[in-house]
Amino acid sequence: MAHLRKLYGSTVAVDDVSFEVFESEIFGLIGPNGAGKTTTMECVEGVRKADTGRTTVLGLDPTRDANALQKRIGVQLQQAQLQKRIRVWEAVDLWASLYPRTVDGRELLAQLGLTEKRNASFMSLSGGQKQRLFIALALINDPEVVFLDELTTGLDPQARRAIWDLVNGIRSRGKTVFLTTHLMEEAERLCDRVAIIERGRLIEMGAPADLVRRHCPERGVVFPCDRTGLARELERIAGAGSVRVEGVTYTVEGRGDDFVTAVIRFIAAYALTVHDFRTVFPTLEDVFLKLTGHDIRD
């Protein structure tokens, strides 16, 4: 996709966004609500038509080749509902009827842990079960690329992690996954690469670990011990940047691959009795904060 731009009246929803998604990877478009993630994804899927820019998916133009493309992709929309009383098996059969080639619906439900809910109505499903069903509907045509829009929003942590396992399972079967999320932990857990979008503009892209190393190389070491007055000595540790003392707890921040090891050697050299020891590493949330100047939830 190159130089995508989409306007709603005078509002610029997506502004000159370009990126490439590689085969068999999980690619995440991340950013806060209203950043332009869903609009971008819908333009790629062919649900919306971009005002300017060029987009190809599997060598096809989402607008010009919509019919051919729909047979090769699977889509889970952010705002999706089914008829309240439709049964799980009925929904799967209905979706299967829309495609010339499909996978076995019963086997798909078994893979997604929905066999016992096969005869249940949509309205009786839990949030996590509904999301699994939407994944089943997105996979029924055995797509080459799967689009997942804010898949786990509103789910409890247990259901969210179950969905993460399912997404990894999709990729392990050779599929390409393009997802959007405003959950930084989700992006770090799932994505091979991410693109950060803010107010319609792409501001950074890369593997999550690479982005953290590039923009937030600092890490922290926190430990309470039986000795006071060590701040100045700790500041001399190779790579140390700052030292905070709260009661008997020291927080040492620094950078470098050997920084944590240097703190451990300091503790050993001074024969300190340490009651606890933990390292604090930056995350994608910290990267977003540094790049934009605000938290993703602001």
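Reference entry: report on the structure contained in this document.

What counts, and where the lines are drawn
- Residues numbered from 1 in each chain as written.
- Predicted model: local features only at pLDDT ≥ 70, side-chain atom pairs only at ≥ 80, totals over all residues.
- Heavy atoms only, no water.
- Core = buried A, V, L, I, M, F, W, Y, C linked by side-chain atoms within 4.5 Å.
- Buried < 20%, exposed > 50% of the residue type's maximum accessible area, 1.4 Å probe, protein only.
- Helix = DSSP H or I, 4+ residues; strand = E, 2+ residues; numbered from the N terminus.
- Contact = heavy atoms within 4.5 Å.
- Axes fitted to C-alpha atoms, helices over the stretch in contact; angles between N-to-C directions.
- Parallel < 35°, antiparallel > 145°, perpendicular 65-115°, else oblique.
- Left-handed = near helix turned anticlockwise from the far one by under 90°.
- Nonpolar A, V, L, I, M, F, W, Y, C, P; charged D, E, K, R; others polar.
- Pairing = 2+ DSSP bridges.

## Observations concerning the nonpolar core
Formed by 47 residues in total, the largest nonpolar core has its most connected members in L82, L133, I135, V167 and L179. Examining the composition of this core, we find that 7 residues originate from one element, helix α5 (residues 127-139), more than from any other. Sequence-distant contacts of V167, defined by excluding residues within four places in its chain, comprise I26, L148, L151, V177, L179 and L190. Judged by nonpolar contacts, the second largest core, of 21 residues, contains L29, M41, C43 and V44.

## With respect to the packing of helix α8 (residues 208-215) against helix α11 (residues 284-292)
In the contact formed by α8 and α11, the axes pass within 9 Å of each other and the chain directions differ by 50°. Between α8 and α11, the interaxial angle falls into the category oblique. As α8 runs across α11, the sense of the crossing is left-handed. Where α8 approaches α11, its residues P208, L211, V212 and H215 are matched on the opposing element by L284, V287, K290 and L291. Considering only residue class, the contact of α8 with α11 consists of 6 nonpolar, 1 polar and 1 charged.

## Some words on the sheet that holds strand β13 (residues 278-280)
Strand order in the open sheet formed by 4 strands is β11-β12-β10-β13, and the pairing between neighbours is antiparallel. Sheet topology places β11 (240-246) and β13 at the edges, where each strand pairs with a single neighbour. Averaged over neighbouring strand pairs, the angle between their axes works out to 20° when direction is ignored. Looking at chain direction, strand β10 (residues 219-224) and β13 are connected through 3 bridges and run antiparallel. Of the residues in β13, the one forming a bridge with V221 is T279. Seen against the sheet, helix α10 (residues 259-269) touches β10, β11, β12 (249-254) and β13 and runs at an angle of roughly 20° to β10.

The quantities given are spatial measurements derived from coordinates; they are silent on function.
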